[in-house]
Amino acid sequence: MDVNGGFTLSEYILRNGPNSQPCGRHWADNIEAVLLELKNLSVEFPASPRPLLAVRDISFAIGKGEVLGLVGESGSGKSVTSLAIMRLLPPQAIVRGEVRFASNNAPQNLLSLSPEQMRLLRGSRISMIFQEPMTALNPVMRVGEQVAEAVRAHNRISKRESLERAIESLREVAIPDPERRARDYPHQLSGGMRQRVMIAMAIVNRPELLIADEPTTALDVTIQAQILDLLADLRQKFGLTMLFISHDLAVVSKVADRVAVMYAGSLIELGSKEDIFRAPAHPYTRGLLKAAPTLKTERDHPLRTIEGTVPSLQSVPAGCAFEPRCELSIAACAASLPALAEISPGHWARCPVTNPAAAL
Ligand SMILES: Nc1ncnc2c1ncn2[C@@H]1O[C@H](COP(=O)(O)OP(=O)(O)OP(=O)(O)O)[C@@H](O)[C@H]1O
Ligand SMILES: [Mg+2]
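(A) Representation of the sheet that holds strand 2 (residues 52-63) within the structure. Ordered by their spatial adjacency, four strands build an open sheet running 2-1-4-5, and the pairing between neighbours is antiparallel. Pairing within the sheet leaves two strands with one partner each, and these edge strands are strand 2 and strand 5 (108-109). Pairing of strand 1 (residues 34-45) with strand 4 (residues 94-101) involves seven bridges; the strand directions are antiparallel. Looking at the pairing, S42 lines up with R96 of strand 4. In this fold helix 2 (residues 78-86) packs onto strand 1, strand 2 and strand 4, with an angle of close to 65° to the strand it touches most, strand 2.

(B) Expanded view of the site of ligand 1. The local shell around ligand 1 holds 14 residues, among which A54, S74, K78, S79 and V80 are the closest. When residues of the shell around ligand 1 are traced back to their parent elements, those giving at least two are strand 2 and helix 2. Among the elements that line the shell around ligand 1, the one with the most residues is helix 2, at three residues.

(C) Inspection of the sheet that holds strand 6 (residues 126-129) at higher detail. Read from one edge of the open sheet, eight strands run 6-7-8-3-9-10-12-11, paired in mixed fashion. Edge positions in the sheet fall to strand 6 and strand 11 (341-344), since each of these pairs with one other strand and no more. Neighbour-to-neighbour, the strand axes of this sheet turn through a mean angle of 20°, independent of strand direction. Two elements, strand 11 and strand 12 (residues 347-349), share three bridges in a ladder whose sense is antiparallel. Bridge pairing in strand 12 links E342 to W348. Taken strand by strand, helix 2 contacts strand 3 (67-71), strand 6, strand 7 (209-213), strand 8 (241-245) and strand 9 (258-263), and its axis lies near 150° from that of strand 7.

(D) The arrangement of unusual backbone geometry in detail. Across the junction of S48 and P49, the peptide omega takes the value 0°, indicating a cis bond. Here P49 shows up in the loop between strand 1 and strand 2. Here the phi dihedral of D57 falls at roughly 55°; this positive angle occurs in a residue that is not glycine. By C-beta crowding, D57 is classed as partly exposed, having 17 other C-beta atoms within 10 Å.

(E) Up close: the nonpolar core. Judged by nonpolar contacts, the single largest core of 100 residues is most densely connected at V147, A166, A200, F244 and A260. Split by domain, this core shows at least three residues from each of two domains, domain 1 (9-125 + 207-359) and domain 2 (132-206). Setting aside chain neighbours within four positions, we find F244 in contact with V67, L68, G69, A212, V252, V255 and A256.

(F) Expanded view of the packing of helix 5 (residues 143-152) against helix 8 (residues 191-203). The interhelical angle for the contact between helix 5 and helix 8, taken along N-to-C directions, is 20°, at an axis separation of 8 Å. By the criterion of interaxial angle, the relationship of helix 5 to helix 8 is roughly parallel. The interaxial crossing formed by helix 5 with helix 8 has right-handed handedness. Between helix 5 and helix 8, the contacting residues are V143, Q146, V147 and A150 on the first element and V197, A200 and M201 on the second. Along the lines of polarity and charge, the residues of the contact of helix 5 with helix 8 split into six nonpolar, one polar and no charged.

The rules behind each value
- Residues numbered from 1 in each chain as written.
- Chains lettered and ligands numbered in written order.
- Predicted model: local features only at pLDDT ≥ 70, side-chain atom pairs only at ≥ 80, totals over all residues.
- Pairing = 2+ DSSP bridges.
- Helix = DSSP H or I, 4+ residues; strand = E, 2+ residues; numbered from the N terminus.
- Contact = placed C-beta atoms within 7 Å.
- Axes fitted to C-alpha atoms, helices over the stretch in contact; angles between N-to-C directions.
- Near = placed C-beta within 6 Å.
- Buried ≥ 20, exposed ≤ 12 C-beta atoms within 10 Å, placed from the backbone.
- Core = buried A, V, L, I, M, F, W, Y, C linked by C-beta atoms within 7 Å.
- Domains from an automatic or database assignment.
- Parallel < 35°, antiparallel > 145°, perpendicular 65-115°, else oblique.
- Left-handed = near helix turned anticlockwise from the far one by under 90°.
- Nonpolar A, V, L, I, M, F, W, Y, C, P; charged D, E, K, R; others polar.

Listed below in structure tokens is the structure:
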């Protein structure tokens, strides 16, 4: 075990067996200490006339203390992936694969835990923040009491002590005058303050992993920047590991160390922030970056768009789901799903044209 309390690569392979290196290198090879690993995760919802395949065979790993940005347009399966990790999908969802979480250095597959074991992890070792805090907060309960309740759900302490911890947590997320604010109801707070309360609730039990699903999307840009700064501070202070979900590439480029790109339920590219933003390899990632406005974008030149539409998740093509919209497609793209193959250390792409290794 390394000093960080995670796994060294050799220990990791020993625990996971030789199959953790399926074809030479593995997606976790560049990660020193893996905290979370998704292995061939798929999620299907029963639907008529065909089931809806929301997440299709996704694999990636997050190292301890790292921020992985998960990007993709609306409906690409980002939230379903995070809810599968948290085991918060509705009961009809069919979830396959593994979600390995190395909490307190004891790796376990979250998908095979009992509901009670999962309840103990949720809100303590793993917590989640959402886009709209109003839907997650109880409108008729004072915010301090709500954070205190989260403390009591995982610790046997008195009401008074839990309220003290809640106020401390409100202070950690830079809510001014936290003793007084703790007595407010959610509607008395601004959107930015409510999101801070959500974050206070998420970190109060010192989780190892924080899943943030579009945490700043509902906020205006100045407040958004403040919340991103706060998350960066908390990461430094508590060594938080984060799965940061956003459709906004600019936001992801600010917070993430590595980026995973999803398209129609598939993971199509994975790499360091520099790989993805400076040398994107998948035609979809390249299209996304060209479609994002920058300071250099001229108003009289329209932004590039990607022609065509995302396929229905009830009839995802057998091959690459982006193939019908791709200017570079060849016959192999439609025949079968290209492999996610490595281009350079730690940079993976699922494209047999720009990355010929994916055709193997
Ligand atoms: N409970 C459910 N039952 C059936 N289909 C669902 C359910 N939840 C999600 N889906 C479908 O799964 C697909 C992926 O949805 P998901 O919410 O993960 O997208 P997303 O990438 O988070 O998009 P957004 O950026 O809009 O939040 C969508 O087609 C959605 O309609
Ligand atoms: Mg979502």
